[in-house]
Amino acid sequence: MRSPPVLVSCKCTLLTNTGRSIVQMKNVNDRIHALARRIDTDTSLHARDTSRLLLLGDSFFLRQVQRKATPLGISADITSRIDRPYQAAVVDMETAQGNIKLPACADIDCCNRPGLSAVAEAVLILLEDQNLIAGKEITIIGRGHATQGLADILLRRDATVTVGHSKSPNPLKLTDRQDVVIYATPVLEQDVWHNTKGMVIDLGGVISDLLQFECAYVSKIGDLTTSVLLNRFVHWK
């Protein structure tokens, strides 16, 4: 006779968790856009001192950069080859033709040189804003360009950082009960824990059951990433 109350209780808990997840997602997405607008304000103040930004490749992300650049007063051209004159360039690794190697003096996204990628900087800005760095346990799944330079900076800012990748024997174990988990891989072949405490950042869009997380879930950070890139450009020397 006790089964019905138990079932009702479980349903109520699921609905409560789902509702909380949706609210958290909306709140953090609103915050991402607010952070982007703050950066854009600074960018627009310095855009008049810039030359031309090349966007090498053909992707949704590059078109997103171009759309944001125009109203900010930045000349940004999508092209398949290095076409002078230009001040700096961004290479979309997946769609650019040939093996394009940018000189370090033009490589604002650290495609061919060490440094923090624009996506990684956007993640860093978000984590700082949410007080999710110092004293926190953070796992990064993936070691590609999207998280380039991120682990080192997080360590220097007093986070405990674990990095997993495709050759890790048990990536699932690395994400158990972490404060932050960053998925930066296009494919995830194992299930995920849903017990992350603070935030899940899904850069690769690999999580399907996102509403099971009780923490904030982020998948769309492109607005902040494009703002970071364009701000780098106007301050580029």
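Cut-offs used in this document
- Residues numbered from 1 in each chain as written.
- Predicted model: local features only at pLDDT ≥ 70, side-chain atom pairs only at ≥ 80, totals over all residues.
- Heavy atoms only, no water.
- Salt bridge = Lys/Arg side-chain N within 4 Å of Asp/Glu carboxyl O.
- Helix = DSSP H or I, 4+ residues; strand = E, 2+ residues; numbered from the N terminus.
- Buried < 20%, exposed > 50% of the residue type's maximum accessible area, 1.4 Å probe, protein only.
- Pairing = 2+ DSSP bridges.
- Axes fitted to C-alpha atoms, helices over the stretch in contact; angles between N-to-C directions.
- Contact = heavy atoms within 4.5 Å.
- Expected span 1.5 Å × (residues − 1).

### Structural notes on the pattern of salt bridges
Inspection of every chain in the model, using the stated rule, returns twelve salt bridges. Asp129 is the salt-bridge partner of Arg31, the closest N and O atoms lying 2.8 Å from each other. Of this pair, Arg31 sits in helix α1 (residues 3–46) while Asp129 is found in helix α3 (residues 118–129), placing the two residues 98 residues apart along the sequence. Using a relative accessible area of 28% as the deciding quantity, one classes Arg31 as partly exposed. On the basis of relative accessible area, Asp129 is assigned to the partly exposed category, the value being 26%. Salt-bridge contacts for Asp40 lead to Arg37; the nearest nitrogen and oxygen are separated by 3.0 Å. You can see Asp40 and its partner Arg37 sitting in helix α1, three residues apart, about one turn around the helix. Several salt bridges share partner residues, and in doing so they unite Arg37, Asp40, Lys68 and Asp223 into one network.

### Examining the sheet that holds strand β4 (residues 137–141)
Within a beta sheet, neighbouring strands are joined by backbone hydrogen bonds and run either parallel or antiparallel to one another. Strand order across the open sheet formed by five strands is β5-β4-β6-β7-β8, with parallel pairing between neighbours. Either end of the sheet is taken by a strand with one partner, and the two such strands are β5 (160–164) and β8 (216–218). For this sheet, the mean inter-axis angle between neighbouring strands, taken without regard to orientation, is 10 degrees. As paired elements, strand β6 (residues 180–183) and strand β7 (residues 199–202) share four bridges and run parallel to each other. Along β7, the bridge assignment pairs Val181 with Val200. In the packing of α3 onto the sheet, the strands contacted are β4, β6, β7 and β8, and the crossing angle to β7 comes to about 165 degrees.

### Details of α3
For α3, with twelve residues, the first-to-last C-alpha span of 17 Å sits near the 16 Å given by 1.5 Å per residue. Those residues of α3 that fall on the buried side of the exposure criterion are Ala118, Ala120, Ala122, Val123, Leu124, Ile125, Leu126 and Leu127. Asn131, located one to two residues past α3, shows a positive phi value of around 55 degrees.

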